[in-house]
Amino acid sequence: MAGMKLDKIDIRILSELQKNGRITNVELAELVHLSPSPCLMRVKKLQAEGYISGYSAQINIAKLGRSLTVFTEVTLKNHRQIDFARFVSTVKKIDSVVECHLVSGGYDYLLKFMTAGIAEYQAIMERLIEMEIGIDKYFSYVILKSPIVKAHFPLDSIVEED
């Protein structure tokens, strides 16, 4: 996004919105030290420029019932563009895959699965292997506990300043 140059107020707006997407414009304006009208104009511009891609609720999964989180390292047999595209196209259709990252290092992809349990995860992996989408090997890491999970990003440290 080379179009819009963000200033400190824009960064504060984004920081506050990622913490509470339901905040009123008046409350947001107060937190970022603007009057409501200019604050709303900035929010709309941040949305139009694609800095704000949407709003959602954070769900307490533990309240819903049993769940299992598994991180899976996947290495593909071949490394042509078509192999990567086929793999991503397939895993994109699996609801239990909540994240998919192409990584550097000893394997190709890091997947994050959210399933009802180990049997469901195992069934998904067996289906993926049977589909012959180019998986050479995979390693699974079952999450026992997540002591730190943040829903917001450290915007002040990742946004370039002039």
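So, how was this worked out
- Residues numbered from 1 in each chain as written.
- Predicted model: local features only at pLDDT ≥ 70, side-chain atom pairs only at ≥ 80, totals over all residues.
- Heavy atoms only, no water.
- Helix = DSSP H or I, 4+ residues; strand = E, 2+ residues; numbered from the N terminus.
- Expected span 1.5 Å × (residues − 1).
- Buried < 20%, exposed > 50% of the residue type's maximum accessible area, 1.4 Å probe, protein only.
- Contact = heavy atoms within 4.5 Å.
- Polar contact = N/O pair within 3.5 Å; in protein donor to acceptor, adjacent residues only side chain to side chain.
- Axes fitted to C-alpha atoms, helices over the stretch in contact; angles between N-to-C directions.
- Parallel < 35°, antiparallel > 145°, perpendicular 65-115°, else oblique.
- Pairing = 2+ DSSP bridges.

Engineer: Give me the lowdown on helix α1 (residues 8-19), citing residues and values where you can.
Structural biologist: If you check α1, its first and last C-alpha atoms are 17 Å apart, about what 12 residues at 1.5 Å a residue would give, namely 16 Å. For α1, every residue scored as buried is listed here: I9, D10, I11, I13, L14, S15, L17 and Q18. Structurally, α1 contributes buried residues whose contacts are with α2 (25-31), α3 (36-48) and α7 (155-158). The opening residue of α1, the one whose side-chain oxygen lies 3.1 Å from the backbone nitrogen of I9, is D7.

Engineer: Explain the packing of α1 against α3 to me, using residue names and the numbers behind them.
Structural biologist: Following both chains from N to C, one finds α1 and α3 inclined at 80 degrees, their axes separated by 11 Å at the closest point. In this view, α1 runs roughly perpendicular relative to α3, as classed from their interaxial angle. Taken together, the residues of α3 that come into contact with α1 (itself represented by I9, D10, I13, L14 and L17) are C39, R42, V43 and L46.

Engineer: I'd love a proper account of the sheet that holds strand β4 (residues 135-142), names of residues and values included.
Structural biologist: Across the sheet, which stays open at both edges, the 4 strands sit in the order β2-β3-β1-β4 with antiparallel pairing between neighbours. Looking at strand neighbours, the two that pair on one side only are β2 (97-102) and β4, the edges of this open sheet. The average angle at which neighbouring strand axes cross in this sheet is 20 degrees, direction not considered. Judged from the 7 bridges that link them, strand β1 (residues 68-76) and β4 form a sheet pairing that is antiparallel.

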